[in-house]
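Working through the structure, step by step
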Amino acid sequence: MEPMGEDVLYPPARILGIESSCDETAAAVVENGRVQLASVIASQIDLHAQYGGVFPEVASRQHILSIYPVVEQALYQAHLTLNDVDAIAVTRGPGLAGSLVVGMNMAKGLSLAADLPLIGVNHLEGHIYSAWVYPGDFTEPPPEPKFPLLALLVSGGHTELNLVHGHLNYQRLGGTLDDAVGEAFDKVARLLNLSYPGGPAIQQAALEGNAEAFNFPRARLEGTWNFSFSGLKTAVLRVVREFEERKKPLPTEDLAASFQAAVVDTLTTKTLQAARTFAVENILVAGGVSANRALRTSFLSQSEFNVNIPSLTYCTDNAVMIASAGYFRYVGGQRDSLDLDVLPNWPLS
Ligand code: KG4
Ligand code: ZN
């Protein structure tokens, strides 16, 4: 499919989006790529908290239980039936195979039953488009992100920098060589005996801590647009062990604040450097970790670039973002067939 330019006139369309790549079962209806008419998310967080992370088989089974009621609820919330939507967009990957299959099969069933086009969407592309959407009862739409832009994607499974030249037109610059940044938050939270998911727990603990208490490493990886967070994670582990060996109470808040500061500094420095190098004026930060207050403040407090960060409700996994990306694929002409397979390791570009 040819990438679309900014001068394309977009026809009206309502897309039903379905997302089940990880531990949220979600459905949403979005109009014209931007207006949220409904959004329903059944979170499995409580179910996985006992394991300290997502347990794949438990996740797939829970998706099976939730998918039908979630879709039904989304249509109900939008006061629509399947006859009122124009296409069904579904997350095709990346994600957990067993979880993706549940959303994919639901989407295929609906597509067949209601004779609606089926559109497979990349989950990372969804995160990018989460910056396009706003609730239908907003009187003033937030500004639409402008191309070309530099997208920093930070989630539990991914950390990467992409140039986005126009709609659906991505160029990957680099990404993490080891842990995704959300994964680092989750693992460090476990080391600090904080709850799952680790990001919000670390953010909360960091509020009471001194970010300069520990000078944790910032992997610069000069000359590349890659990231690495395993050294940082190991540095936290070393400090935790030292305190345990000396039987001293763990300075949890200081460790959380210092870890978070190292992450924010690493992500912000490299992203701004890339934006300067590639001479783009617009930066977009998206994915679960873009909910982090310190990260948002770090990007929003500089004045060199325009920064778009989705509203907090759209940062973590949802189906609104899949429906939005699905709209731009729908108007671009994408139609997938009923033998569409899921792609657990599908890159964005
Ligand atoms: O995008 P997402 O919901 O799922 C994936 O696609 O992976 O991201 C989930 C990740 C988790 O690792 C979680 O700890 C992190 O996003 N996260 C945060 C915050 N809220 C969620 N990390 C830092 N600060 C937060 N406030
Ligand atoms: Zn995600």
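So, a few notes on the structure that sits alongside this text. Position numbers for residues start from 1 in each chain and track the written sequence from start to end. Think of it this way: whatever chain is written first is A, whatever ligand is written first is 1, and the rest follow in order. Two thresholds apply to this predicted model, a pLDDT of at least 70 for residue-level local features and 80 or more for giving and counting side-chain atom pairs, whereas whole-chain, interface and lining totals are computed over all residues. For the side-chain quantities, the full set of heavy atoms in the structure was used; hydrogens and water were omitted.

Our next topic: the pairing of strand β3 (residues 35-43). The pairing criterion for strands is at least two bridges between them, as found by DSSP. The helix and strand labels rest on DSSP assignments: H or I over at least four residues marks a helix, E over at least two residues marks a strand, and numbering proceeds from the N terminus. Examined bridge by bridge, strand β2 (residues 24-31) and β3 share eight bridges and lie antiparallel to one another. Paired with Glu 24 across the strands is Ser 43, a residue of β3.

In this section: the coordination of the zinc ion (ligand 2). Donors, by definition, are the N, O and S atoms found within 2.8 Å of a metal, the threshold being 3.2 Å for Na, K and Ca, and water is not counted, so a site can look incomplete. For the zinc ion (ligand 2), the full set of protein donor atoms is His 123 (NE2), His 127 (NE2) and Asp 317 (OD), at a range of 2.0 to 2.1 Å. Donor residues binding the zinc ion (ligand 2) come from one chain and are separated in sequence as H-x3-H-x189-D. Of the two residues, His 123 and His 127 are both situated in helix α4 (residues 123-129); the distance of four residues between them amounts to about one turn of the helix.

Before going further, it helps to examine the nonpolar core. Take the buried Ala, Val, Leu, Ile, Met, Phe, Trp, Tyr and Cys residues and link them wherever side-chain atoms come within 4.5 Å; each set so joined is a nonpolar core. For the exposure calls, accessible area comes from a 1.4 Å probe over protein chains only, and a residue counts as buried if that area is under 20% of its type's maximum, exposed if over 50%, partly exposed in between. The biggest cluster of nonpolar side chains holds 46 residues, and the ones touching the most others in it are Phe 216, Phe 259, Leu 267 and Phe 299. Elements supplying a minimum of two residues to this core: β7 (149-154), β8 (159-166), α5 (181-191), α6 (198-206), α7 (230-245), α8 (252-277), β10 (282-286) and α9 (293-300). Among the elements that take part in this core, α8 stands out by supplying eleven residues, more than any other. With 35 residues, the next largest nonpolar core counts Val 121, Tyr 314, Ala 325 and Leu 348 among its residues.

Listed as buried for α9 are Leu 295, Arg 296 and Phe 299. Each buried residue of α9 sits inside an arc of 100 degrees when the element is viewed along its axis, so together they form one side. Contacts were defined at the residue level, with two residues in contact if any of their heavy atoms lie within 4.5 Å. Buried residues along α9 sit in contact with β7, α8, β10, β11 (306-308) and α10 (312-315). For α9, the N-terminal cap is Asn 292; the gap from its side-chain oxygen to the backbone nitrogen of Ala 294 is 3.1 Å. Note: the arc covers the axis-to-C-beta directions of the helix. Polar contacts here mean pairs of N or O atoms no more than 3.5 Å apart (in protein, one a potential hydrogen donor and the other a potential acceptor; neighbouring residues in sequence count only if both atoms are side-chain atoms).

Without other data, these values stay purely geometric and don't point to any function.
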